[in-house]
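Chains, contacts and geometry: an overview
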Amino acid sequence: MKYNLIVQGEWRLERGSTGGITHCACNSENTDELYFNYSASFELATTSLFKFPCVLFTVYSMDFFGRSVVLGYGQVPVSAEKGLKRKKVVIFKPKSHTWLSDVIGRLKGTPTEFINPKETVINNEGRTFVRSEAVGHLEIEFESTRIKWAENGFH
């Protein structure tokens, strides 16, 4: 799984990384659940609460031939509330327009995926023309703190 922090509007990244790649492991019971244990730390600053930053997730899987292919995408806005928050992120993938292109893509190891997931998933550009299906979900935790919140005019 890969994550990217998308900073927009007047928000800016003060410290931390805008992206990373996790490792994964299956549980011992051979179910469809995967556990990612990856912590990311970043510090954001803003003068306006317009256009909250988002985290874009790209989930990868191995196909039958051992190739890494995109399983799906998800996004969640960064929480500005103090404390620990749990969020459920729906993971979806684009569907091919024909069954033939879907079969050919799977055989070649190139299933349908977004060219620019930031624009499509975060900004919804062209999303009305994309057929998609939910393939699962992620459960994530945010722990947020506020520094100099009142000094900058926020309450």
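Values in this document were obtained by computation on a predicted structure and should not be read as measured data.

Cut-offs applied
- Residues numbered from 1 in each chain as written.
- Predicted model: local features only at pLDDT ≥ 70, side-chain atom pairs only at ≥ 80, totals over all residues.
- Heavy atoms only, no water.
- Phe/Tyr/Trp six-rings, centres within 6.5 Å; stacked < 30°, edge-to-face > 60°.
- Helix = DSSP H or I, 4+ residues; strand = E, 2+ residues; numbered from the N terminus.
- Buried < 20%, exposed > 50% of the residue type's maximum accessible area, 1.4 Å probe, protein only.
- pLDDT = per-residue confidence, 0-100.
- 1 Å grid on protein atoms, 1.4 Å probe; cavity = no way out; pocket = protein on both sides within 12 Å on 5 of 7 lines; lining within 4 Å.
- Points joined across faces, edges and corners; volume = space filled by probe spheres on them.
- Nonpolar A, V, L, I, M, F, W, Y, C, P; charged D, E, K, R; others polar.
- Contact = heavy atoms within 4.5 Å.

What about the packing of aromatic side chains?
- All chains considered together, the criterion is met by three aromatic pairs.
- Note on Tyr73 and Phe114: the rings are 5.0 Å apart at their centroids and 40° apart in plane angle, and the pair reads as tilted. Of this pair, Tyr73 sits in strand 8 (residues 68-77) while Phe114 sits in the loop between helix 1 (99-108) and helix 2 (117-122), and the two are 41 residues apart along the sequence. For the pair Tyr73 and Phe114, one class covers both residues: buried.
- Aromatic pair Phe92 and Phe114: ring centres 6.3 Å apart, planes at 65°, arrangement edge-to-face. A residue pair is termed long-range when its members are at least 10 positions apart, and Phe92 in strand 9 (residues 83-94) and Phe114 in the loop between helix 1 and helix 2 qualify at 22 residues.
- Classification of Phe92 as buried rests on a relative accessible area of 12%.

Remarks on the confidence of the model for the protein chain
- With 82% of its residues at a pLDDT of 70 or more, the protein chain shows a mean pLDDT of 79.
- Ranking the elements of the protein chain by mean pLDDT puts strand 4 (residues 25-26) last, at 58, and strand 9 first, at 87.

Here we look at the layout of surface pockets
- The space that makes up the second largest pocket amounts to roughly 330 Å³.
- Put simply, the parts of the chain that give the lining of the second largest pocket at least two residues each are strand 8, strand 9 and helix 1.
- Across the lining of the second largest pocket, the residue classes tally to seven nonpolar, three polar and seven charged.

Details of the side chain of Lys93
- Relative to the helices and strands, Lys93 resides in strand 9.
- A relative accessible area of 18% places Lys93 in the buried class.
- What Lys93 contacts, discounting residues up to four positions off in sequence, is Leu71, Gly72, Arg106, Arg131, Ser132, Glu133 and Val135.

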